[in-house]
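# Observations on the model geometry
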Amino acid sequence: MISKPPGVEDIFPDRIDRWNFVLNSAIDTFRRYNYRELIVPVMEFTEVFARGIGTDTDIVSKEMFTFEDRGGRSLTLRPEGTAGVVRAYAENGEYNRLSVCKFFYNGPMFRAEKPQKGRLRQFNQFGAEIFGSDDPYYDYEIISVVDEISKAVGIDSYTILINSIGCRECRGSYMEKLREYYRSKEDKLCPDCKRRLETNPLRLLDCKNESCAALKSSAPVIKDHLCRECSDHFMKVKQYLDISEVQYTEDPYLVRGLDYYTKTTFEFVTDKLGGQNAFAGGGRYDYLVEQFGGKPTPGVGFAAGMERINLIIEENPIPEKGTDLFMIHTGGDTFLKSLEILHELRKNGLSVDIDPGVKGFKAQFKRADREKATFVAIIGEDELASGSASVKNQKTGEQEKVPFDNIYNFLTK
Ligand code: HAM
């Protein structure tokens, strides 16, 4: 038997109701906040991620699925959504002329990580990106969107961690302070961090290696080094969250695992996932569009992991959606009449099903149960003669005669 590669999953129908419930809750929230969907390719030139996410990050240095196409160009399966969305936005002449653009997306991402619960090599994210404004309102809006989706899907205990990692101006002096601090402890650093100490000391705060992580708690904090603009910006984000009663905890070391962030960073964490405690994360990235050759345009966004969210709410009951109507007949003309009605109802947007074979009522009712039908319509010889179906509400058991041409109104009232 040929098996699937490590770290990928098949999602069978028993998980699909919950899966779609999560995705639909997210899409519903995106629509209410006026985001529009964008679909970008699953593969990009490797440079998109190397330049966007940063060559010092674990994602780029260790976790990308990279290959050469037949023309010798290096391509990579996207490890995350933001870099591709930014590439698309910068390349597209129509949307990048609009003042503010709000996109959402979802789909598979690929990282060659060590697979474990909640950590896969192919996983799915949904996320959103806003381009064109550096107003702290949008940092707040993105966090609020994730908060609403988390509540809508039934995640009942989570913490929102937030931080600001400043801008080009204020980060320089902070990085120097970090270098100073870690240089005195260089012998305790992992080989990656020894190298990053010179190239990008912020990465040391995100290292998962035990001895590096242990040094973090006494490291200098960026809050003490933010410039006036960055600290005002952070204050406003927090003020807007307070006004909307979104609770958060400040984490002065939250730098996140991607290099593109400026100012606000945030993560949604829960203790229900074991080692993988974050189910969503994001932040502001005001230099990324220009890094891709677009005109300087600020941006802010987030992404959430579908598999992790599905794991968190695995025990929650999910509203089950079956077919609206199952039609029961006795063959011959009663089947033909049922077919006529079924066609009309489907054309009008209802979900309707039927068993075409001539079977007893009992077998057809059983099938209606299996299809989780809300209503059942029986059309036997008597019903055919009277021009009305016997329509039964499967939940309440109530049954009444409904004229054939009134079934749609009856079901939708
Ligand atoms: P990220 O924190 O790398 O951010 O990923 C976001 C979410 O994707 C995580 O919180 C987690 O739920 C899920 N995730 C990440 N890696 C895995 C994995 N190996 N297996 C399962 N789930 C995983 C980003 O990707 C940024 N693009 C977010 C962003 C958007 N920042 C600004 N805009």
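For clarity, every value in this text was computed on a predicted model and none was experimentally measured. (Residues numbered from 1 in each chain as written. Predicted model: local features only at pLDDT ≥ 70, side-chain atom pairs only at ≥ 80, totals over all residues. Heavy atoms only, no water.)

### Things to note about the overall build of the protein
In plain terms, the rule: Going along the chain from the N terminus, every DSSP run of H or I of four or more residues is numbered as a helix, and every run of E of two or more is numbered as a strand. Put simply, the radius of gyration uses C-alpha atoms, and a globule should come to 2.2 Å times the residue count raised to 0.38. Relative accessible area decides the class of each residue, using a 1.4 Å probe on protein chains only: under 20% of the type maximum gives buried, over 50% gives exposed, and in between gives partly exposed. The criterion used for residue contact is that any of the two residues' heavy atoms lie within 4.5 Å. In short, Shrake-Rupley with a 1.4 Å probe defines the accessible areas, and a residue's cover is counted only from the protein chains shown. When charges are counted, Lys and Arg are positive and Asp and Glu negative, with His and the chain ends excluded. By convention, charge coordinates are those of NZ in Lys, CZ in Arg, CG in Asp, or CD in Glu.
A tally of helices and strands in the protein yields 15 helices and 16 strands. What you see for the protein is a C-alpha radius of gyration of 27 Å, clearly larger than the 22 Å of a compact globule of 413 residues, by over 25%. Within the protein, the proportion of its 413 residues that are buried is 52%. Counting only contacts in the protein whose residues sit at least 6 apart along the sequence, the fraction spanning at least 24 positions is 69%. Split by element, the accessible area of the protein, about 20500 Å² in all, is 50% carbon and sulfur. When the 57 positive and 64 negative side-chain charges of the protein are each reduced to one mean point, those points stand 2 Å apart.

### Points about the domain arrangement of the protein
Where we set the bar: As annotated, the domain borders come from an automatic or database domain assignment.
Assigned domains within the protein: domain 1 (13-167 + 227-312), domain 2 (168-215) and domain 3 (325-412). Measuring from the centre of the C-alpha atoms in domain 2 to the corresponding centre in domain 3 gives 69 Å.

### Observations regarding the environment of Phe292
Among the secondary structure elements, Phe292 is positioned in the loop between helix 10 (288-291) and strand 11 (299-305). Considering only alpha carbons, one finds Phe292 and Ala90, 202 residues apart in sequence, at a separation of 6.8 Å. Those residues in contact with Phe292 that lie beyond four places of it in its chain are Val48, Arg51, Gly52, Ala83, Val86, Arg87 and Ala90.

### Focus on the nonpolar core
Inside soluble globular proteins, nonpolar side chains tend to come together where they are buried. Our working rule: Here the nonpolar core consists of buried residues drawn from Ala, Val, Leu, Ile, Met, Phe, Trp, Tyr and Cys, with membership extended through side-chain atoms lying within 4.5 Å.
Ranked by size, the top nonpolar core spans 55 residues in total, and within it Phe131, Tyr182, Leu189, Leu202 and Leu205 carry the most contacts. Here this core gathers at least three residues from each of two domains, domain 1 (13-167 + 227-312) and domain 2 (168-215). In this structure, Leu202 is in contact with Ile165, Arg171, Tyr174, Met175, Leu178 and Val255, ignoring residues within four places of it in sequence. Counting residues in each nonpolar core, the second largest holds 40 residues, with Ala26, Tyr140, Val153 and Ile155 among its members.

### Re the sheet that holds strand 8 (residues 249-250)
Short version of the rule: The criterion for strand pairing is that DSSP finds at least two bridges linking the strands in question.
Read from one edge of the open sheet, eight strands run 1-5-6-11-10-9-7-8, paired in mixed fashion. Because the sheet does not close on itself, it has two edges, and the strands there are strand 1 (36-37) and strand 8.

### With respect to the packing of aromatic side chains
Rules: Stacked, edge-to-face and tilted are the three classes for Phe, Tyr and Trp ring pairs, Trp counted by its six-membered ring, which pair at centre distances within 6.5 Å; planes under 30 degrees apart are stacked, over 60 edge-to-face, the rest tilted. Counting as a charge over the ring demands two things of the Lys NZ or Arg CZ atom: a distance within 6 Å of the ring centre and an angle within 35 degrees of the ring normal.
In total, this model carries 19 aromatic pairs according to the counting rule given. A centroid spacing of 6.1 Å and a plane angle of 35° characterise the contact between Phe30 and Phe302, whose relative ring orientation is tilted. With Phe30 in helix 1 (residues 13-32) and Phe302 in strand 11, this pair connects stretches of sequence that are 272 residues apart. Take Phe30 and Phe302: they sit in the same class, and that class is buried. Each ring, one from Tyr260 and one from Tyr261, has its centre 4.8 Å from the other, and the planes form 65°; the classification is edge-to-face. For Tyr260, a relative accessible area of 6% puts it in the buried group. Within the aromatic cluster, the residues linked to one another by ring pairs are Tyr89, Phe103, Phe131, Tyr260, Tyr261 and Tyr285. Above the ring of Tyr287, the side-chain terminus of Arg168 is found at 3.6 Å from the ring centroid. Here Lys185 stacks its cationic end above the ring of Tyr181, 4.3 Å away from the centre of that ring.

### Remarks on helix 1
Selection rule: For a helix, the expected span equals 1.5 Å multiplied by the residue count minus one.
Taking 1.5 Å per residue as the helical rise, helix 1 with its 20 residues ought to reach 28 Å, and the 28 Å between its terminal C-alpha atoms agrees with that figure. The set of residues buried in helix 1 consists of Arg18, Trp19, Val22, Leu23, Ser25, Ala26, Thr29 and Phe30. Against strand 5 (101-110), strand 6 (122-131), helix 5 (136-152), strand 11 and helix 11 (306-312) lie the buried residues of helix 1. Downstream of helix 1 by a residue or two, Asn34 has a phi angle that is positive, lying close to 65°.

### A closer look at the side chain of Asp56
Positionally, Asp56 belongs in the loop between helix 2 (46-53) and helix 3 (58-62). With a relative accessible area of 12%, Asp56 lands in the buried category. Excluding its chain neighbours within four sequence positions, the residues that come into contact with Asp56 are Arg195, Arg196, Thr199, Asn200, Arg203 and Asp259.

### A closer look at unusual backbone geometry
The backbone of Glu245 shows a phi angle near 55°, a positive value even though the residue is not glycine. In this fold, Glu245 is placed in the loop between helix 9 (228-243) and strand 8. Classification of Glu245 as exposed rests on a relative accessible area of 69%. One non-glycine residue, Lys372, lies in the positive phi region at around 55°. Note on Lys372: relative accessible area 40%, which makes it partly exposed.

### Remarks on the site of the ligand
Put simply, the rule reads: Only heavy atoms are used to decide nearness, and a residue is near a molecule or strand if one of them lies within 4 Å of it. The definition of a polar contact used here is a pair of N or O atoms within 3.5 Å, where within protein one atom must be able to donate a hydrogen and the other to accept one, and adjacent residues in sequence count solely through side-chain atom pairs. Polar here means any residue outside two lists: the nonpolar Ala, Val, Leu, Ile, Met, Phe, Trp, Tyr, Cys and Pro, and the charged Asp, Glu, Lys and Arg; Gly therefore counts as polar.
Neighbouring the ligand are 26 residues; Glu80, Thr82, Glu113, Glu129 and Tyr261 lie closest to it. The side chain of Glu129 places a nitrogen or oxygen atom 2.8 Å from a nitrogen atom of the ligand. Within the residue set of the shell around the ligand, elements represented by two or more residues are strand 6, strand 10 (278-284) and strand 11. Element by element, the count of residues in the shell around the ligand is highest for strand 10, at six residues. Each residue belonging to the shell around the ligand can be placed in one class, and the counts come to 11 nonpolar, eight polar and seven charged.

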